[in-house]
Amino acid sequence: MSHIIHLEECFSTNDEILSLLRDDESTAVFTFNQTKGRGQYGNEWRVIPNQNLAYSIAIKTSKINISDTSLNYYTAIIVRDFLANLTNAKAKIKWPNDVILNGKKVCGILIEKKKVNHQEFYILGIGINILQEDFSHIPKAGSVLTTTGLSFDLTEFVSQFHQSVISRLENFPSEEEILDYYNQNLFRKEEISVFEKNDVRQNGIIKNTDKNGFLWIDLENEGLQKFFHKEIALLY
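Residues numbered from 1 in each chain as written. Predicted model: local features only at pLDDT ≥ 70, side-chain atom pairs only at ≥ 80, totals over all residues. Heavy atoms only, no water.

Trainee: Sorry, what's going on with empty space enclosed by the protein here?
Mentor: A water-sized probe, rolled over the atoms, reveals where empty space remains. Applying the stated criterion across every chain, the model contains one cavity of 30 Å³ or more. Forming the boundary of the largest cavity are Glu-25, Ser-26, Ala-58, Ile-59, Lys-60, Lys-63 and Phe-121. Looking at which element gives the most residues to the lining of the largest cavity, the answer is strand E5 (residues 52–60), with three residues. Along the lines of polarity and charge, the residues of the lining of the largest cavity split into three nonpolar, one polar and three charged. (1 Å grid on protein atoms, 1.4 Å probe; cavity = no way out; pocket = protein on both sides within 12 Å on 5 of 7 lines; lining within 4 Å. Points joined across faces, edges and corners; volume = space filled by probe spheres on them. Helix = DSSP H or I, 4+ residues; strand = E, 2+ residues; numbered from the N terminus. Nonpolar A, V, L, I, M, F, W, Y, C, P; charged D, E, K, R; others polar.)

Below, the structure written as structure tokens:
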């Protein structure tokens, strides 16, 4: 069973959900007006009122039978698949867990582990740009609308999205299947790209990610190396 709560406005759905958890079922919270959302490693994720979705779902850690890295990968896969099926557009995953639609970032994910009333939960926080049109301040970003030309009713969108998330979290594939599917849909895999490492730019080719969360890149000056998040930047 799942319980979903709509908030007219909140600072962060990942924070708000902590006081709304139910013991007997997974709990989800969403808003179309998040004023102080968080992204990976302290980055800010802010949504423009009534244009985008901020969504968080809490699941007991005891119900998750895969590693933290695999859960991160699988959450990105769930969002990627939903957007690909909804829009028939080219949807990829930019390591570690951004979703790219027709070349633009439309989704960011933040997964946190929290203890509430002596129980541990995973909080899966997902932000999706749906109707926003102005990305002049962040040119690598876009929305479902700007990348596909498709406009969706926000309430209907979140209803379909929530049902998709719940159904996918009921049965987890094996970690090997998750990793393989993630790599099949990895953004710019086997393409020459420009990277920045220690303020130096060089070409390289993304080869794959591994079960420990590392990204393997074949760099033109240094050969095949693995990186963790923030150790190298993909400039496209």
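That shown, we press on.
Trainee: How do you make sense of the packing of helix H2 (residues 68–87) against helix H5 (residues 175–184) when you look at a structure like this?
Mentor: For any two helices packed against each other, one specifies the inter-axial angle together with the distance between the axes. The interhelical angle for the contact between H2 and H5, taken along N-to-C directions, is 55°, at an axis separation of 10 Å. In terms of orientation, H2 lies oblique with respect to H5. For the element pair H2 and H5, the recorded crossing hand is left-handed. Residues Ser-70, Tyr-73, Tyr-74, Ala-76, Ile-77, Arg-80 and Asp-81 of H2 form the contact with H5, whose participating residues are Glu-175, Ile-178, Leu-179, Tyr-181 and Tyr-182. Of the residues assigned to the contact of H2 with H5, the class counts are eight nonpolar, one polar and three charged. (Axes fitted to C-alpha atoms, helices over the stretch in contact; angles between N-to-C directions. Parallel < 35°, antiparallel > 145°, perpendicular 65-115°, else oblique. Left-handed = near helix turned anticlockwise from the far one by under 90°. Contact = heavy atoms within 4.5 Å.)

Trainee: Would you mind showing me how to read the sheet that holds strand E13 (residues 223–227) here?
Mentor: Neighbouring strands of a sheet are bound in pairs by backbone hydrogen bonds; such pairs are parallel or else antiparallel. Taking strand neighbours across the sheet as the criterion, the five strands line up as E13-E12-E11-E10-E14 in an open arrangement whose pairing is antiparallel. The open sheet is flanked by E13 and strand E14 (233–234), the only strands paired with a single partner. Summarising the sheet, strand E10 (residues 192–197) and E14 pair through two bridges and their orientation is antiparallel. Looking at the pairing, Glu-196 lines up with Ala-233 of E14. (Pairing = 2+ DSSP bridges.)

Trainee: Please explain the sheet that holds strand E7 (residues 98–101) as it appears in this structure.
Mentor: Read from one edge of the open sheet, seven strands run E1-E2-E5-E9-E8-E7-E6, paired in mixed fashion. The open sheet is flanked by strand E1 (2–7) and strand E6 (91–94), the only strands paired with a single partner. Between one strand and the next, the sheet's axes are offset by a mean angle of 20°, whatever the strand orientation. The pairing of strand E8 (residues 104–116) with strand E9 (residues 119–129) spans ten bridges and is antiparallel. Residue Cys-107 lies in a different strand from E9, and its bridge partner there is Ile-128. Lying over the sheet, H2 contacts E6, E7, E8 and E9, oriented at roughly 140° with respect to E8.

Trainee: For this particular structure, what's the right way to read the environment of Ala-28?
Mentor: Considering the arrangement of structural elements, one finds Ala-28 in strand E2 (residues 26–31). In this structure Ala-28 comes out as buried when scored by relative accessible area, which is 0%. Taking the C-alpha atoms as reference points, Ala-28 and Ala-58, separated by 30 residues in sequence, lie 6.3 Å from one another. Those residues within four positions of Ala-28 in sequence are excluded, and the remaining contacts are His-3, Ile-4, Ile-5, Ile-17, Tyr-55, Ser-56, Ile-57 and His-162. (Buried < 20%, exposed > 50% of the residue type's maximum accessible area, 1.4 Å probe, protein only.)

Trainee: When you look at the packing of aromatic side chains in this model, what are you seeing that I'm missing?
Mentor: The relation between two aromatic rings is expressed through the spacing of the ring centres and the mutual angle of the planes. Applying the stated criterion across every chain, the model contains nine aromatic pairs. For the ring pair Tyr-74 and Phe-172, a centre distance of 5.5 Å and an interplane angle of 55° mean the geometry is tilted. One end of the pair, Tyr-74, is in helix H2; the other, Phe-172, is in the loop between helix H4 (154–170) and H5, with 98 residues separating them in the sequence. With respect to class, Tyr-74 is no different from Phe-172; both count as buried. Between Phe-187 and Tyr-236 the ring centres are 5.4 Å apart and the planes differ by 65°, which places this aromatic pair in the edge-to-face class. With Phe-187 in the loop between H5 and E10 and Tyr-236 in the segment after E14, this pair connects stretches of sequence that are 49 residues apart. Judged by its relative accessible area of 11%, Phe-187 is buried. Three or more aromatic residues link up through ring pairs in this structure, and these residues are Tyr-55, Phe-82, Phe-152, Phe-157 and Phe-161. Of note, Lys-140 hangs over the ring of Tyr-236, and the distance from its end group to the ring centre comes to 4.5 Å. Over the face of the ring belonging to Phe-214 we find Lys-226, whose NZ or CZ atom lies 4.5 Å from the ring centre. (Phe/Tyr/Trp six-rings, centres within 6.5 Å; stacked < 30°, edge-to-face > 60°. Lys NZ or Arg CZ within 6 Å of the ring centre and 35° of its normal.)

Scope: geometric values only; no functional claims are made or implied.
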